[in-house]
Every structure is written in C-alpha cells, then in structure tokens.
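Understanding the architecture of this molecule
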Amino acid sequence: MQLQFFPSRTVTLYTARMFLVRSFAVLAGLVLILTTLDLLGESDKIFAYPGNGEAQLWTYVGLRVPQIISTFLKFSVLLGTLITLATLNQNSEVISMKASGLSAHQILAPLMVAGVLVAALSFTFNERVVARSTATLSAWQKADYGPIPKDSAVQSNLWVRNGEDLIRAARAIGRGPDTRLEGVSIYDRTGNRLTQVIEAKEGRYVDGVWRFTGATRFDVATGTEAQLGTISMARGVSPDRFTLANVDPDGLSFFQLRQAIADLKAAGRPTKALEASLWHKISGPLSAVLMPLLGAVAGFGLARSGKLFVRLVVGMGLGFTYFVADNFALAMGNLGAYPPVLAAWAPFLLFLLIGETVLVRTEE
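Residues numbered from 1 in each chain as written. Predicted model: local features only at pLDDT ≥ 70, side-chain atom pairs only at ≥ 80, totals over all residues. Heavy atoms only, no water.

What about the packing of aromatic side chains?
Applying the stated criterion across every chain yields a total of 14 aromatic pairs. On the basis of an interplanar angle of 75 degrees and a centroid distance of 6.2 Å, the ring pair of Tyr60 and Tyr145 is categorised as edge-to-face. Pair noted here: Tyr60 is in helix H2 (residues 54-90) and Tyr145 is in the loop between helix H4 (104-142) and strand E1 (155-162), with a separation of 85 residues, a long-range link. Residue Tyr60 shares its accessibility class with Tyr145, and that shared class is buried. Among the aromatic side chains, those forming a connected cluster through ring pairs are Phe72, Phe75, Phe320, Tyr322, Phe323 and Phe351. (Phe/Tyr/Trp six-rings, centres within 6.5 Å; stacked < 30°, edge-to-face > 60°. Helix = DSSP H or I, 4+ residues; strand = E, 2+ residues; numbered from the N terminus. Buried < 20%, exposed > 50% of the residue type's maximum accessible area, 1.4 Å probe, protein only.)

Right under this line is the structure:
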C-alpha cells in the first residue's frame, strides 16, 4: 500500500477534473431548468406593475440565478460525486487504482480537495454576489417590482412595541441617532383596549425622545380627529429598535451579519436565531467537502455484480438525508430549541462520522 495520502499527480488531476466538470455540468442544468420554472411562476407579478417588460424579466433572472446557484450547488456536488465514482467503477478504474495499492481514502482524496475548492468558491460567491442580490430582490419584491428606493439604508413596514402601545413606521431611513421615520402610526392602548391612534408624517430622535411632525390624533371613543402638529412621544424607544427590527440573514454577508448581531446584543435583543445563520454561512459551503465521502459508496464494489444501482441509491440517500437533517437543525436553531453552534455544525459532524464509518466498514 502506498504511504502518501494522494495518488500520483496524474490520477489526482484526472479524478479531480472529472469531479469538477460533472458537478458544474449538473449545476448548469439545474439552474437552467429551475430558473425557467421560477420565471414562469413570477412573470405575471412582474408584468403586473405598469411599465415592466422584458428588461425587468432579465433583471429578475440576474437577481434570482445567484440564489438558485447557492441553494443547489451542494446538490450538484453530490450528483457530480455519484456520477464520477460510478463512471470510474463501471470502467474498472477503481479496481485498477486499488490493485496498485491505493486505499479508498486515497482514491477519494482528490475529490475532497476539489470539494474544499468548491467550498471556498461557494463562500466567496455567497459573500460577494448572493447576499447583495438577495437584499436587492427582497427590496424589489416589497415594492411589487416597482422602482426600488435609492437609499440602501431604507427599511419598510416596521413594528415596535412600547409597553402596551404599538408603533408602526412605513419606512426607517438611516441608522443610529440619525434615523428618520416616515409614515408613523402610534396605537395607544390602555388595558389592551385601543383608545387612540396618532399618525405623523415624520419622526426624528432628539434627546432621547421621538419628535413627530404633522401629527394627527383619532380618538376611538368619540370618533373625532384632531390636528396635533409637532409632538414628542415614545421616550426610551431607541432608534436601533426600528433599524434592527428586520434583520434578514440571507441578505447580509458574514461580516455584515456579525456586525448586526453585535448591535442587537448591545441593544439587549435576542440573537440566537441569527447566530445559527451566521455559523451556517460557513458550515453550508463546507458541505461540498462532505459530499464525496457520503457518495463514496457508489464508487466501490464490483460493477458487474449488479449492485451499482443500489450503491448509487444508497449514496444519494445519505446525501439527501444530510440535507434534511441540516435544514431541520437550522430550523430548530432559528426557534431557539438548539444552541446556534450545534444547529449549524451538528449535522456536518454527524454525517462526517457516518460517511467515514460506512467507508471504513465496507472498503477499508
């Protein structure tokens, strides 16, 4: 048996190239099919806004494709692994490698190193492209595929509770003490009964209190409305309660999400769900390293024994079971049932052990 971890340079490049070509070929096919189906379902909503046409369809495709690539890259790596190993097995190339003294781990080593490359590309792609396209598409969909507000710091439809009262802002612009609220509605409640509704055109945070301009008051008991002009209310409701009210982890990069979590912690807000998503931004791309191990069962055993199809099904079953477990753990993390680190990393480590156990018990 050879002592080095990798096979020869020729075999390493040959198997890694096969793996990468087939994985990205599968990804291209999935992206083409899924983008077409998604566009068919969304085109009527895009055309519903007056003035939208073919250009807006292509804009939607440009924003949606990165999300599809990010979601289905790991599926493509799994299928690419199965196709590569099944091809090598069927052509008796795996038998030749084992006959030359290579172990199952040495045969898989080039695929796992290629998986590390795919994971690095996936993480970079998510940080540079997917987060921005997700944030832009989300803002565009909130505007019903109309013009997107130019201010990137604009957030919409925000709700904050102040004791029994509820405060709604149609938009929050800016951050920190410079935050400006537009379209403000304050629902004044006493004993869980609505007594009055105060609406204001604009609100600014001045000396620890919100100063609202253009305010009017509707009295629920009498049904009368009165002009209030400029009033000061909601003392102690800090601006970050509005600007951090809707943090979308999918629309933020790893470092932006980490900063948002730090801001929320400073404001005394719960962050466990966001912390699980933060760790998953690392463990998610790393699943590309795990797929060759889970799909390895398809590459070994005699192809002429008639069990190659069964091995393919087993490898695919292991891979898709991992995806189910990963999504379940992340959902439990978002609900607070699992600690953030456990929700993000437990499925990866569990299936790493399962894949290694299956490989050692069957081939080593």
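Additional details are given in the paragraphs that follow.
Topic: the layout of surface pockets
Quantified by volume, the second largest pocket comes out at close to 640 Å³. Along the wall of the second largest pocket there are 23 residues; nearest its centre are Ser70, Thr71, Asn126, Asp250 and His280. Looking at the lining of the second largest pocket, the elements with two or more residues in it are H2, H4, helix H7 (272-283), helix H8 (287-294) and helix H9 (308-335). With seven residues, the top contributor of residues to the lining of the second largest pocket is H4. Taken together, the residues of the lining of the second largest pocket break down into eight nonpolar, eleven polar and four charged. (1 Å grid on protein atoms, 1.4 Å probe; cavity = no way out; pocket = protein on both sides within 12 Å on 5 of 7 lines; lining within 4 Å. Points joined across faces, edges and corners; volume = space filled by probe spheres on them. Nonpolar A, V, L, I, M, F, W, Y, C, P; charged D, E, K, R; others polar.)

Quick look at empty space enclosed by the protein
Applying the stated rule across the entire model yields one cavity of 30 Å³ or more. Approximately 50 Å³ is the volume found for the largest cavity. Those elements giving two or more residues to the lining of the largest cavity turn out to be H8 and helix H10 (340-363). With five residues, H10 is the largest single contributor of residues to the lining of the largest cavity. Partitioning the lining of the largest cavity into residue classes produces seven nonpolar, two polar and one charged.

Side note on H2
Taking 1.5 Å of rise per residue, the 37 residues of H2 would be expected to cover 54 Å, yet its terminal C-alpha atoms sit only 47 Å apart, more than 12% below that figure. Along H2, the largest kink reaches about 45 degrees and is centred on Phe72. Positive phi appears at Ser92, one or two residues downstream of H2, with a value of about 65 degrees. (Expected span 1.5 Å × (residues − 1). Bend = angle between axes of the 7 residues up to and from the residue.)

Side note on a nonpolar patch on the surface
Residues Leu32, Ile33, Leu37 and Leu40 make up a contiguous nonpolar surface patch of roughly 450 Å² in combined accessible area. Here Leu32 shows up in helix H1 (residues 9-48). We classify Leu32 as exposed; its relative accessible area is 59%. (Patch = residues over 30% accessible without salt bridge, like charges linked within 9 Å, V, L, I, M, F, W, Y side chains within 5 Å. Areas by Shrake-Rupley, 256 points an atom, 1.4 Å probe, with all protein chains shown as cover. Salt bridge = Lys/Arg side-chain N within 4 Å of Asp/Glu carboxyl O.)

Focus: the side chain of Asn52
Of note, Asn52 is situated in the loop between H1 and H2. Judged by its relative accessible area of 15%, Asn52 is buried. A distance of 2.7 Å separates the side chain of Asn52 from the backbone oxygen of Ile46, its partner in a polar contact. Only 2.9 Å separates the side chain of Asn52 from the backbone oxygen of Tyr145, close enough to count as a polar contact. When residues no more than four places from it in sequence are discounted, the contact partners of Asn52 are Ile46, Phe47 and Tyr145. (Polar contact = N/O pair within 3.5 Å; in protein donor to acceptor, adjacent residues only side chain to side chain. Contact = heavy atoms within 4.5 Å.)

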